[in-house]
Amino acid sequence: MNIHVPEEIKKKYPQYEFRGKRREINDRIVIEAYNPVTEQTFYYSFEEDFFWMAGQIPDYKLQKA
């Protein structure tokens, strides 16, 4: 359980284990998200509602549709 992630996000993405605290990378607030099935770690962007691979977070932000 991670107190830094809202319940609605945990329910929306139950396959991920959110780890650590929120932090800022490339002007976006993210948190580590680990998928135990694939054993991969991503960064979840709260603003964009998107999972980025480590090292793949661009300087630009995704536009909401």
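This text goes with the structure placed above it.
Looking at this model, I keep getting lost on the sheet that holds strand E4 (residues 50–53). Mind explaining?
Hydrogen bonds between backbone groups are what pair the strands of a sheet, and the pairing can be parallel or antiparallel. Reading across from one edge, E1-E2-E3-E4 is the order of the four strands in this open sheet, with antiparallel pairing throughout. Single-partner strands in this sheet number two, and they are strand E1 (17–25) and E4. If you compare each strand with its neighbour and ignore which way they point, the axes differ by 35 degrees on average. Here strand E2 (residues 28–35) pairs with strand E3 (residues 40–45) via six bridges, running antiparallel. Looking at the pairing, Tyr34 lines up with Thr41 of E3.

Teacher, can you tell me more about the environment of Ile29 here?
As for its placement among the helices and strands, Ile29 is situated in strand E2. When the C-alpha atoms of Ile29 and Phe50 are compared, they prove to be 11 Å apart, with 21 residues separating the residues in sequence. If near-sequence neighbours (up to four positions away) are discounted, Ile29 is found in contact with Arg22, Arg23, Glu24, Tyr44, Ser45 and Phe46.

How do you make sense of the pairing of E1 when you look at a structure like this?
Within a regular strand, the side chains alternate between the two sheet faces. Sheet topology places E1 next to E2; six bridges connect them, and they run antiparallel. Among the inter-strand pairings, Glu24 is bridged to a residue of E2, identified as Ile29. The turn linking E1 back onto E2 is made up of two residues, and Asn26 within it adopts a positive phi angle of 50 degrees.

Teacher, can you tell me more about the pattern of salt bridges here?
Oppositely charged side chains can form a pair if their charged atoms are brought close together. Summed over the entire model, instances satisfying the criterion amount to six salt bridges. Between Arg19 and Glu17 there is a salt bridge, with its nearest N and O atoms 3.2 Å apart. Taking the relative accessible area as the measure of exposure, Arg19 reaches 37% and is therefore partly exposed. The class for Glu17 is partly exposed, based on a relative accessible area of 37%. For Lys61, the salt bridge goes to Glu47, with nearest N and O atoms at 3.1 Å. Placement of the pair is Lys61 in the segment after E4 and Glu47 in the loop between E3 and E4, with a sequence separation of 14 residues. You can call Lys61 partly exposed: its relative accessible area is 30%. The exposure class assigned to Glu47 is partly exposed, which follows from its relative accessible area of 45%.

The rules behind these values
- Residues numbered from 1 in each chain as written.
- Predicted model: local features only at pLDDT ≥ 70, side-chain atom pairs only at ≥ 80, totals over all residues.
- Heavy atoms only, no water.
- Pairing = 2+ DSSP bridges.
- Helix = DSSP H or I, 4+ residues; strand = E, 2+ residues; numbered from the N terminus.
- Axes fitted to C-alpha atoms, helices over the stretch in contact; angles between N-to-C directions.
- Contact = heavy atoms within 4.5 Å.
- Salt bridge = Lys/Arg side-chain N within 4 Å of Asp/Glu carboxyl O.
- Buried < 20%, exposed > 50% of the residue type's maximum accessible area, 1.4 Å probe, protein only.

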